[in-house]
Amino acid sequence: MCGRYALGLQRAKIRALPGYPNLEVGEWVNEDDFVPRHNIAPNSQAPVIRRRNASSPDLRLQTMRWGIPYGKDHANSQQAINARSENIIEGVGMWNKYRGGSRCVVVGQGYYEWQTKGKEKIPYFTKHADGNLMLMAGLYHFSGSPIPTYHFAIITTNASKSLSWLHDRQPVVLTSYADITKWLDTGSDTWSAELAKLLQPVEGLTCYQVPKEVGKVGAESTAFIEPVATRKDGIKAMFAKQRSQQKRNKECMKRKRSVSPVPFSARKEDETECKKLKLV
C-alpha cells in the first residue's frame, strides 16, 4: 500500500512539473489549500492533475483531500486511500463508477513504505533516481453536498521484483508522456484494456532507509527524504567519528611508547587528552 508520501517543493516548482516538459497544465484550483510537506498523510490536502472536464483536453492541477469516503453515510464513513489495480481492472465495487471518467494523477516526490523486522518497522523512501517528480495513477471522487468537495485515492499494484523485499504492493507510477495523457483522457467516460495495461509495477526506482521520525503524523522535516546513511547525524557520521577516535587512540599509544624526551607540560596535556578519549 501507499500510506505516506512527500511533496515538499514550492508551489511554483510543482507547477513547472520538472521532468515532464511536454505536460502542459493550466490553472491550479484551490492552490492555497496545499501546504508543501515532506510527510503527506491520509486526509491531507494535496494536488492532483486531471482534465478540466470531459469535453476539454486541457489539464489542471487541483488540490483535493486524500481518501475517498465510502459507506452509506459519507460524513461518518471510512476512507479509501488506496485502490487495488486488480479491483479497478475487474470493475469491482465502488471503483467501477470512478474508473471511466474520474481518473487523475497524484503528484509527489516519492513515497514511504515500512519494512517490518520483528517488532521493528523501518521506513524507506522510494523515488525516481533522477529526482523527477513521481506521477502516480489515481482516482477522484466529487461530492456536491452539503458543499462541493473532492477526494482522491492512489492506485496500487503488485510490487516490482526490485522492491518486493520491502512490501508486496507499490503505487502505479506513470513514467511516459504517452501513458500519462492516456490515463488522463477521460473524454469517452469508459474503461478499456489499454488503460488496464498501464496498471503495472515500474522498475528502476531508487529506495533507501530514512529517519523513523517520518512515522509520526504531523511531523515535518526536509531530512525525511534524505538517506539515513548520508545525514550528518547518520551512519556515515557515526563511522567517521569512530575512525577519528581510533586514530587519536593510536596516537596516544605511540606517545606512551616513545623513548624521546618530552617536556613535562606537553606530557601532561597528552595524558589529559588520552584520559578524555577513554571516557568517550
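Residues numbered from 1 in each chain as written. Predicted model: local features only at pLDDT ≥ 70, side-chain atom pairs only at ≥ 80, totals over all residues. Heavy atoms only, no water.

A. Highlighting the sheet that holds strand β1 (residues 5-7). As summarised here, the arrangement of the 5 strands in space is β3-β1-β10-β11-β15, forming an open sheet in which the pairing is antiparallel. The open sheet has two edge strands, β3 (37-40) and β15 (205-209), and neither has a second partner. The sheet shows a mean angle of 30° between the axes of neighbouring strands, taken without regard to direction. (Pairing = 2+ DSSP bridges. Helix = DSSP H or I, 4+ residues; strand = E, 2+ residues; numbered from the N terminus. Axes fitted to C-alpha atoms, helices over the stretch in contact; angles between N-to-C directions.)

B. Highlighting the packing of aromatic side chains. In the structure shown here, the tally under the stated rule is 11 aromatic pairs. Geometrically, the ring pair formed by Tyr140 and Tyr150 is tilted, given 6.2 Å between the ring centres and 40° between the ring planes. One end of the pair, Tyr140, is in strand β12 (residues 134-143); the other, Tyr150, is in strand β13 (residues 149-158), with 10 residues separating them in the sequence. Ring centres 6.0 Å apart and planes at 90° place the aromatic pair Trp183 and Trp191 in the edge-to-face group. Here Trp183 falls in the buried class, since its relative accessible area comes to 0%. Trp191 sits in the buried class, given a relative accessible area of 19%. Sitting over the ring of Trp183, Arg103 keeps its end group 5.5 Å from the ring centre. (Phe/Tyr/Trp six-rings, centres within 6.5 Å; stacked < 30°, edge-to-face > 60°. Buried < 20%, exposed > 50% of the residue type's maximum accessible area, 1.4 Å probe, protein only. Lys NZ or Arg CZ within 6 Å of the ring centre and 35° of its normal.)

C. Summary view of the pattern of salt bridges. According to the stated counting rule, one finds 12 salt bridges in the structure shown. One salt bridge in this structure joins Asp32 and Arg11, with 3.2 Å as the shortest N-O distance. Placement of the pair is Asp32 in the loop between β2 (25-29) and β3 and Arg11 in helix α1 (residues 11-16), with a sequence separation of 21 residues. A residue is classified by how much of its surface remains accessible, and Asp32, at 66% relative accessible area, is exposed. For Arg11, a relative accessible area of 24% corresponds to the partly exposed category. A salt bridge links Glu120 to Lys212; the nearest nitrogen and oxygen atoms lie 2.4 Å apart. Of this pair, Glu120 sits in strand β11 (residues 120-128) while Lys212 sits in the loop between β15 and α5 (235-257), placing them 92 residues apart in sequence. Given a relative accessible area of 36%, Glu120 falls into the partly exposed group. (Salt bridge = Lys/Arg side-chain N within 4 Å of Asp/Glu carboxyl O.)

D. Main features of unusual backbone geometry. The phi torsion at Leu17 lies on the positive side, around 50°, for a residue other than glycine. Mapped onto the elements of the fold, Leu17 is located in the loop between α1 and β2. Of note in the backbone geometry, Asn30 takes a positive phi value of approximately 60° without being a glycine. Tracing the backbone shows Asn30 in the loop between β2 and β3.

E. Highlighting the pairing of β11. As judged from the 7 bridges shared by strand β10 (residues 110-117) and β11, these two strands associate in the antiparallel manner. Residue Trp114 lies in a different strand from β11, and its bridge partner there is Pro123. Where β10 folds back on β11, the antiparallel hairpin that results is connected by 2 residues, among which Gly118 adopts a positive phi of roughly 65°. With 5 bridges connecting them, β11 and β15 associate as antiparallel partners. When the bridges of β15 are listed, His128 appears paired with Leu205.

F. How the structure looks around the nonpolar core. Core analysis: the biggest nonpolar cluster contains 56 residues, and Tyr5, Ile49, Trp95, Phe152, Ile155 and Trp183 have the highest contact counts within it. Judged by nonpolar contacts, the second largest core, of 9 residues, contains Ala6, Tyr112, Phe125 and Val214. (Core = buried A, V, L, I, M, F, W, Y, C linked by side-chain atoms within 4.5 Å.)

G. Seen up close, the side chain of Ser56. Mapped onto the secondary structure, Ser56 falls in strand β5 (residues 56-66). In this structure the side chain of Ser56 is engaged in a polar contact, spanning 3.2 Å, whose partner is the backbone nitrogen of Asp58. (Polar contact = N/O pair within 3.5 Å; in protein donor to acceptor, adjacent residues only side chain to side chain.)

H. Seen up close, helix α3 (residues 177-184). Where α3 is concerned, the buried positions are Ile180, Trp183 and Leu184. All buried residues of α3 lie within an arc of 95° about the axis, which places them on one face of the element. In the core, the buried residues of α3 are packed alongside β4 (45-53), β5, β9 (103-108), β12, β13 and α4 (193-196). (Arc of directions from axis to C-beta. Contact = heavy atoms within 4.5 Å.)

I. Focus on the environment of Ile14. Looking at the element boundaries, Ile14 is found in helix α1. Ile14 gets classed as buried once you look at its relative accessible area, which sits at 0%. Expressed as a C-alpha distance, the spacing of Ile14 and Val107, which sit 93 residues apart in the sequence, is 8.3 Å. With near-sequence residues (within four places) excluded, Ile14 lies in contact with Leu7, Leu9, Trp28, Phe34, Val107 and Leu133.

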